[in-house]
Amino acid sequence: MRLPAKTEPSSVVIAEPLIAQLVSTQPNFPLALQTPLEPTYDIRATGKMGLGMFAKCDLKPGDLILAERPALVYPNHFTSSNRELEAVFCVALEDMRVQDRIAYRKLAMSAFRSPTIGDLLRIATANCFQLPTNPPGGPNQRWTIGDYRAVYLDTSRINHSCSPNTVADFDFPSFSFIVRAVREIQKGHEITTTYSGALSKRNVERSLPFPCGCSVCTNLAALALSDSRRVAIQSYTPWSLVNRLESSIDKPDKLFADMVLIVRVFDDEGLQSLASYPMVLDLAGRLAKMLGKQTLADKQTQNAEMFYQMRPWYTQLKKFVDWLFGPEGSMPDRVRWAVSHFEEFEYLVEGWRN
Ligand SMILES: C[S@@+](CC[C@H](N)C(=O)[O-])C[C@H]1O[C@@H](n2cnc3c(N)ncnc32)[C@H](O)[C@@H]1O
């Protein structure tokens, strides 16, 4: 399947017919690619991790860094040892836009003198990003037949960090990967992402296929502190936050102080990309409002709003917090209701993940 054409970059997608149909029959598919106001990045050597992506201008939280269509999408089960699949891959390469194919081959040439299809496939496998499991049509529909990997000419140059300074999501309506800053990134600094999503442990302890050389894992002097903060962060799930509210429901000042402290732990550890972060900001803002701290409330609420807008599925989280703090005075009862209805909570708030 070739997606889409006209003036924008197209993608070569190797997919089961059902998935191809689901994707390509979305209304007005594909929506136009979003573009940043000015060029936001350069790609150059990092010194120790091959190529990397670097900020070309100062970026602030929420800024769009790039929205890129994949050059190639293929099923997870592709391996370079499978001759039949190699043949399909070969056809896909031929089908790519000429300039994409040249850039892709150039990338392969930097690793192999004269790349074969098998080499290209190996490069693709080493440089891919996994597509999320939520297909178009809402969180309850699934990619039922396997998962997919995508190779991007630029996005695939973003290195992993255990404190990533971006969030990235695949956007089905525009068929592009959208990367946004989650904190300030100064011009010249490296733009990073996470390859594993779960960052409550450093990836050096996880299953990355390479020893992690990110700034967290190589700062040996700060590792013990980082580990202890991550143990704490691991416990701040949306569900545990609701339980925390319930356990001190009559002490909004204590709860507010707690939330401010939790925000600081996320910030100190550089983990603003985790899903609980906007919720903690929002809870801090709502509690500040209850306590009459209007300036603080406005600041936290504005910040939470900006994060909620970064990722479509955060809307669910926002709606839940909106409901929790409903009409004045209703919060304690609603919190008590929520803690006794875990299944409904999971369906409403965590449903997007499944
Ligand atoms: C998606 S590519 C990223 C771009 C890559 N550096 C390049 O030169 O094209 C993934 C590869 O980059 C390297 N890499 C990315 N993040 C790394 C990290 N935190 N530590 C060490 N190597 C990393 C690994 O070799 C990995 O297989």
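Residues numbered from 1 in each chain as written. Predicted model: local features only at pLDDT ≥ 70, side-chain atom pairs only at ≥ 80, totals over all residues.

### Concerning the nonpolar core
Turning to step 1, where the next piece is worked out: Grouped together as the largest cluster of nonpolar side chains are 77 residues, with contacts concentrated most on Leu 72, Met 259, Val 280, Leu 283 and Ala 284.
Turning to step 2, where the next piece is worked out: Among the elements that line this core, the one with the most residues is helix α9 (residues 276-290), at eight residues.
Turning to step 3, where the next piece is worked out: If near-sequence neighbours (up to four positions away) are discounted, Val 280 is found in contact with Tyr 236, Leu 241, Met 259, Ile 262, Val 263 and Phe 266. (Core = buried A, V, L, I, M, F, W, Y, C linked by C-beta atoms within 7 Å. Buried ≥ 20, exposed ≤ 12 C-beta atoms within 10 Å, placed from the backbone. Helix = DSSP H or I, 4+ residues; strand = E, 2+ residues; numbered from the N terminus. Contact = placed C-beta atoms within 7 Å.)

### A word on the site of the ligand
Turning to step 1, where the next piece is worked out: Taken together, 14 residues lie near the ligand, and Gly 50, Leu 51, Asn 159, His 160 and Gly 213 sit nearest.
Turning to step 2, where the next piece is worked out: Only β4 (51-55) and β9 (159-160) provide two or more residues apiece to the shell around the ligand.
Turning to step 3, where the next piece is worked out: Here the shell around the ligand is composed, by residue class, of six nonpolar, seven polar and one charged. (Near = placed C-beta within 6 Å. Nonpolar A, V, L, I, M, F, W, Y, C, P; charged D, E, K, R; others polar.)

### Notes on the packing of helix α6 (residues 223-235) against helix α8 (residues 252-269)
Turning to step 1, where the next piece is worked out: Two elements in contact, α6 and α8, have axes whose closest approach is 10 Å; the angle formed by their N-to-C orientations is 135°. In terms of their interaxial angle, α6 and α8 are classed as oblique. The way α6 lies across α8 gives a crossing that is left-handed. For the pair formed by α6 and α8, the contact residues are Ser 226, Arg 229, Arg 230, Ala 232 and Ile 233 on the first element and Val 265, Phe 266, Asp 268 and Glu 269 on the second.
Turning to step 2, where the next piece is worked out: Across the contact of α6 with α8, the residue classes tally to four nonpolar, one polar and four charged. (Axes fitted to C-alpha atoms, helices over the stretch in contact; angles between N-to-C directions. Parallel < 35°, antiparallel > 145°, perpendicular 65-115°, else oblique. Left-handed = near helix turned anticlockwise from the far one by under 90°.)

### Observations regarding the sheet that holds strand β10 (residues 166-171)
Turning to step 1, where the next piece is worked out: Here we have three strands laid out as an open sheet, ordered β5-β11-β10, and antiparallel in their pairing. The sheet is open, and its two edges are formed by β5 (64-68) and β10, each paired on a single side. Across the sheet, the mean angle separating the axes of adjacent strands is 15° when strand polarity is ignored.
Turning to step 2, where the next piece is worked out: When β5 meets strand β11 (residues 176-181), the two strands line up antiparallel, connected through four bridges. Within β11, the position partnered with Ala 67 by the bridge is Ile 178. (Pairing = 2+ DSSP bridges.)

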